[in-house]
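# Geometric and topological summary
Next come the chains, spelled out residue by residue.
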Amino acid sequence: QASDHLIGAQIIGHDAEHLIATLSLSISHTMDPSDLKKTIFPHPTTSELLHEAGLGLLNESIHYFG
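Here, residues in each chain are numbered from 1, in the same order as that chain's written sequence. Totals for whole chains, interfaces and linings use every residue, but because this is a predicted model, local features are given only for residues with pLDDT of at least 70 and side-chain atom pairs only at 80 or more, for both listing and counting. Computation of side-chain values covers all heavy atoms of the structure but excludes hydrogens and water.

## So, the overall build of the protein chain
- In DSSP terms, a helix is any run of H or I states spanning at least four residues, a strand is any run of E spanning at least two, and both are numbered starting from the N terminus. Looking only at helices and strands, one finds three helices and zero strands in the protein chain.
- The quantity called the radius of gyration is restricted to C-alpha atoms. Its globule counterpart is 2.2 Å times the number of residues to the power 0.38. Over its C-alpha trace the protein chain gives a radius of gyration of 12 Å, about what one expects of a compact globule, namely 11 Å for 66 residues.
- Taking the principal axes of its C-alpha atoms as reference, the protein chain extends roughly 35 × 25 × 20 Å.
- A burial count over the protein chain gives 23% of its 66 residues as buried. Type-normalised accessible area, obtained with a 1.4 Å probe on protein chains alone, sets the label of each residue: buried when under 20%, exposed when over 50%, and partly exposed for intermediate values.

## Remarks on the layout of surface pockets
- Buried and open spaces are told apart on a 1 Å grid over the protein atoms alone, a cavity being a set of points where a 1.4 Å probe fits but cannot get out and a pocket being an open set with protein on both sides within 12 Å along at least five of seven lines. Residues with an atom within 4 Å of a point are the lining residues. Grid points are joined across faces, edges and corners, and a volume is the space filled by probe spheres set on the points. By volume, the largest pocket amounts to about 220 Å³.
- Contributing to the lining of the largest pocket are 14 residues, with Asp 4, Leu 6, Pro 33, Leu 36 and Leu 57 lying nearest its centre.
- The element best represented in the lining of the largest pocket is helix 3 (residues 48-57), accounting for five residues.
- A per-class count over the lining of the largest pocket returns nine nonpolar, three polar and two charged. When residues are sorted by character, Ala, Val, Leu, Ile, Met, Phe, Trp, Tyr, Cys and Pro go into the nonpolar class, Asp, Glu, Lys and Arg into the charged class, and all the rest, Gly among them, into the polar class.

## Let's talk about unusual backbone geometry
- Here the bond from His 43 into Pro 44 is cis, since omega is -5 degrees, no more than 30 degrees from zero.
- Relative to the assigned elements, Pro 44 resides in the loop between helix 2 (33-38) and helix 3.
- Positioned with a positive phi, Thr 30 is a non-glycine residue whose angle comes to about 40 degrees.
- Here Thr 30 is to be found in the loop between helix 1 (16-28) and helix 2.

## A short note on helix 3
- Regarding helix 3, the residues found buried are Leu 50, His 51, Glu 52, Gly 54 and Leu 55.
- Immediately downstream of helix 3, the backbone of Asn 59 shows phi near 55 degrees, a positive value.

## Concerning the environment of Glu 52
- Tracing the chain through its elements places Glu 52 in helix 3.
- When the C-alpha atoms of Glu 52 and Ile 62 are compared, they prove to be 6.9 Å apart, with ten residues separating the residues in sequence.
- Note on contacts: a residue pair is in contact if any heavy atoms of the two residues lie within 4.5 Å. Ignoring anything within four residues of it in the chain, the contact list for Glu 52 reads Ser 61, Ile 62 and His 63.
- A polar atom in the side chain of Glu 52 sits 2.9 Å from the backbone nitrogen of Ile 62. Any pair of N or O atoms that falls within 3.5 Å is considered a polar contact. Within protein, one atom must be able to donate a hydrogen and the other to accept it, and sequence-neighbouring residues count only if both atoms are side-chain atoms.

## What to know about the nonpolar core
- Nine residue types can take part in a nonpolar core, namely buried Ala, Val, Leu, Ile, Met, Phe, Trp, Tyr and Cys, and a core is a set of them joined through side-chain atoms within 4.5 Å. Of all hydrophobic cores here, the largest spans six residues; its members are Leu 19, Leu 23, Met 31, Leu 36, Phe 41 and Leu 50.
- Not counting the four nearest positions on each side in its chain, Leu 19 is found in contact with Ile 11, His 14, Thr 46, Ser 47, Leu 49 and Leu 50.

As structure tokens, then:
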């Protein structure tokens, strides 16, 4: 059965220790992209990329580079 829920994550680089916590929470609460869309992420921070990624999955990204 197909699902939009996050089932796993790997992250490396700057602020990875902070970003993985959000991803772990997303996995444990079976969040989907619309849940990430409703989550408040502080600006300017690297955690905003998770919000943008969720929006991208919904074809609603703010910063589109395609």
